[in-house]
Amino acid sequence: MSKLKYESPNIKQIHAGITSKFGESSTLKPITHINTVPVKDLINTYGSPLFVISEQNIRNTHKEAYHAFSTRYPNVQFAWSYKTNYLDAVCKVFHQEGAWAEVVSGFEYRKALKNGVSGDKILFNGPDKSVEDLTLAIQNNSPIHIDHFDELFSLVEVTNQLQKRAKVAIRVNMDTGIKPLWDRFGFNYENGQAWDAITKIMYSKNLDLVGLHTHIGTFILDPNAYYIAASKLADLAIHIKKKHKHDIQYIDMGGGFASKNTLKGSYLSGMEISPSFNEYAEKITSALLNAGFSTEDLPLLILETGRALIDDAGYLLGTVLANKRLSDGRRSMVMDFGVNLLFTSFWYNHIISPAQECSLYTEDTVMYGPLCMNIDVIRDSINLPPLNKGDHVVVQRVGAYNMTQWMQFITLRPRVVMIDVKGKPHLIRDSETSEYVTALEKIPNHLESLDL
Ligand SMILES: *Cc1c(COP(=O)(O)O)cnc(C)c1O
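Residues numbered from 1 in each chain as written. Predicted model: local features only at pLDDT ≥ 70, side-chain atom pairs only at ≥ 80, totals over all residues. Heavy atoms only, no water.

### Some thoughts on empty space enclosed by the protein
- Using the criterion set out here, one finds two cavities of 30 Å³ or more in the structure.
- Of the voids in this model, the largest cavity is the one considered here, and its volume is about 70 Å³.
- Across the lining of the largest cavity, the residue classes tally to eight nonpolar, four polar and one charged.
- In this structure, the second largest cavity occupies an estimated 30 Å³ of space.
- Residue lining of the second largest cavity: Ala137, Ile138, Asn141, Ser142, Ile144, Arg165, Ala166 and Lys167, and that is the complete set.
- Where the lining of the second largest cavity is concerned, the elements lending two or more residues are helix H5 (131-139) and strand S8 (166-173).
- Class assignment of the residues belonging to the lining of the second largest cavity gives a composition of four nonpolar, two polar and two charged. (1 Å grid on protein atoms, 1.4 Å probe; cavity = no way out; pocket = protein on both sides within 12 Å on 5 of 7 lines; lining within 4 Å. Points joined across faces, edges and corners; volume = space filled by probe spheres on them. Nonpolar A, V, L, I, M, F, W, Y, C, P; charged D, E, K, R; others polar. Helix = DSSP H or I, 4+ residues; strand = E, 2+ residues; numbered from the N terminus.)

### Description of the site of the ligand
- In the neighbourhood of the ligand, 16 residues make up the surrounding shell, with Lys83, Thr218, Gly256, Glu304 and Tyr401 lying closest.
- Within the backbone of Gly256, an N or O atom sits 2.8 Å from an oxygen atom of the ligand.
- Take Glu304: an N or O atom from its side chain is 2.7 Å from a nitrogen atom of the ligand.
- When the ligand sits alone it has 390 Å² of accessible area, and the protein chains cover 95% of it. (Near = heavy atom within 4 Å. Polar contact = N/O pair within 3.5 Å; in protein donor to acceptor, adjacent residues only side chain to side chain. Areas by Shrake-Rupley, 256 points an atom, 1.4 Å probe, with all protein chains shown as cover.)

### Considering the domain arrangement of the chain
- Along its sequence, the chain is organised into domain 1 (33-52 + 314-430) and domain 2 (55-311).
- Computed from C-alpha atoms alone, the centre-to-centre distance between domain 1 and domain 2 is 33 Å.
- The contact between domain 1 and domain 2 buries some 2,100 Å² in all, and 53% of this surface belongs to carbon and sulfur atoms.
- If you sort the residues of domain 1 by the area they bury against domain 2, Tyr348, Arg397 and Tyr401 come out on top, with a joint share of 32%.
- On the surface where domain 1 and domain 2 come into contact, there are zero salt bridges.
- Listing elements by their share of the side of domain 1 that touches domain 2, those giving two or more residues are helix H12 (402-405), strand S19 (416-419) and strand S20 (425-429).
- No other element matches S19, which puts three residues into the side of domain 1 that touches domain 2.
- Looking at the side of domain 1 that touches domain 2 residue by residue, the class counts come to 12 nonpolar, seven polar and three charged. (Domains from an automatic or database assignment. Buried area = accessible area lost by both parts, 1.4 Å probe. Salt bridge = Lys/Arg side-chain N within 4 Å of Asp/Glu carboxyl O.)

### A closer look at the packing of helix H4 (residues 106-114) against H5
- The contact between H4 and H5 brings their axes to 10 Å, and the two run at 30°. Taken together, the axis directions place H4 and H5 in an arrangement best described as roughly parallel. Along this stretch, H4 crosses H5, giving a crossing that reads as left-handed. In this structure, H4 uses Gly106, Tyr109, Arg110 and Leu113 to contact H5, whose residues at the interface are Glu132, Asp133, Leu136 and Ala137.
- Split by residue class, the contact of H4 with H5 holds four nonpolar, one polar and three charged. (Axes fitted to C-alpha atoms, helices over the stretch in contact; angles between N-to-C directions. Parallel < 35°, antiparallel > 145°, perpendicular 65-115°, else oblique. Left-handed = near helix turned anticlockwise from the far one by under 90°. Contact = heavy atoms within 4.5 Å.)

### Some details on the nonpolar core
- One finds Phe69, Ile170, Met253 and Ile284 to be the most contacted residues of the largest nonpolar core, which totals 102 residues.
- A total of 10 residues in this core trace back to one element, the largest contributor, which is helix H8 (residues 224-244).
- Both domain 1 (33-52 + 314-430) and domain 2 (55-311) contribute no fewer than three residues apiece to this core.
- Apart from the residues lying within four places of it in its own chain, the contact partners of Ile284 are Phe69, Tyr226, Ala230, Met253, Phe257, Leu301 and Leu303.
- With 15 residues, the next largest nonpolar core counts Ile31, Tyr46, Leu50 and Val52 among its residues. (Core = buried A, V, L, I, M, F, W, Y, C linked by side-chain atoms within 4.5 Å. Buried < 20%, exposed > 50% of the residue type's maximum accessible area, 1.4 Å probe, protein only.)

Rendered as structure tokens:
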């Protein structure tokens with residue numbers, strides 16, 4: 001047995017009302033393993049900090065989501081939202097599970113092609129598509145989701161020049177009761193702009209309207225917003241059929257389902273309030289099934305779910321660099337990961353657990369990252385037991401957006417490991433080196449010599 005750690009006595013002021021009805025410290029069980037692999041071994045082999053992704057978790061979550069929709073609706077397709085996590089290994093797991101690709105830039109589009117996704121299964125979203133991007137997408141027969149009229153006009157030009165037809169959908173924004181309104185993307189439903197775009201496409205020579213798309217927001221906690229959105233898209237599709245005798249092949253409901261993370265300022269945890277896939281699926285599918293399509297005209301239902309499919313699969317392992325007392329007596333801790341790696345700490349209170357056996361005594365702690373910058377705060381208040389310099393922690397639910405929005409700021413980005421379904425870790429992104437980061441820089445001649 002290893003020697004017990006010395007813990008200095010600690011007198012703690014009890015603030016009336018600070019504990020919730022669930023009590024304190026219920027989340028304080030240490031996390032010593034991820035998918036049967038010891039955290040200690042992972043850090044010894046790959047270093048700290050370290051992102052870890054569970055392949056099994058991705059596959060299970062994708063199956064659960066697909067099941068929720070496919071048991072309620074005959075024709076369902078998921079398309080993996082690349083910007084949520086576009087590490088190739090992660091994308092490939094989703095594609096192996098049957099997901100198409102959903103991309104929002106030329107960079108992501110080319111990544112999807114390189115990952116082996118055929119062009120007709122890459123949905124091209126976003127407000128910024130260059131003529132080069134559009135040309136590539138047309139040549140690969142990809143559905144292009146038009147964001148604004150200027151893009152529509154470019155498409156007319158490009159298709160005329162290429163003498164080729166393009167498969168298009170429009171992105172529609174609408175009032176679903178969610179505030180603030182996301183009306184900066186796509187064409188508005190209520191003011192008739194969406195219908196105007198549809199008419200222009202229907203009368204165009206080389207554009208084939210194959211779908212209708214919306215993405216109403218993100219972390220939407222009210223499934224009913226999706227009922228409203230699906231009803232409005234279905235209404236457009238049915239009117240297109242009436243007026244133009246044209247069938248819409250798919251309705252794409254975008255992403256936006258909440259993950260199980262807890263938003264800052266929320267009293268209840270994400271585990272308690274985030275709706276299940278079944279609840280979202282019930283609203284969306286019942287809106288479409290009740291919309292008045294004839295059985296043979298029922299469109300394919302596409303979902304571009306991002307964060308809800310990957311958040312749980314990602315972990316960030318880290319190490320305590322230092323313990324400190326702030327001038328007001330509060331305990332603080334400096335970790336080897338900060339907001340450079342954990343972008344989502346700006347709006348989530350992540351669950352952060354010790355990675356080794358620890359004492360039951362906890363203290364309110366401010367958790368800082370390693371950056372020399374005041375806003376580098378991971379948690380401004382978290383109950384943690386005493387942890388020593390060198391002890392490890394596990395941050396849960398970090399799979400969405402952190403590995404794409406991470407910053408190369410002040411320091412280098414660490415390794416990412418995927419644990420396969422048999423429990424074997426694989427390196428899927430190496431740590432950055434100074435050479436890698438500076439490779440693109442150039443020094444003008446007159447700055448070569450220094451005379452200090
Ligand atoms: C970001 C995005 C998604 C994924 O959103 P989540 O909120 O992560 O589910 C889907 N579709 C489009 C168009 C997006 O921009």
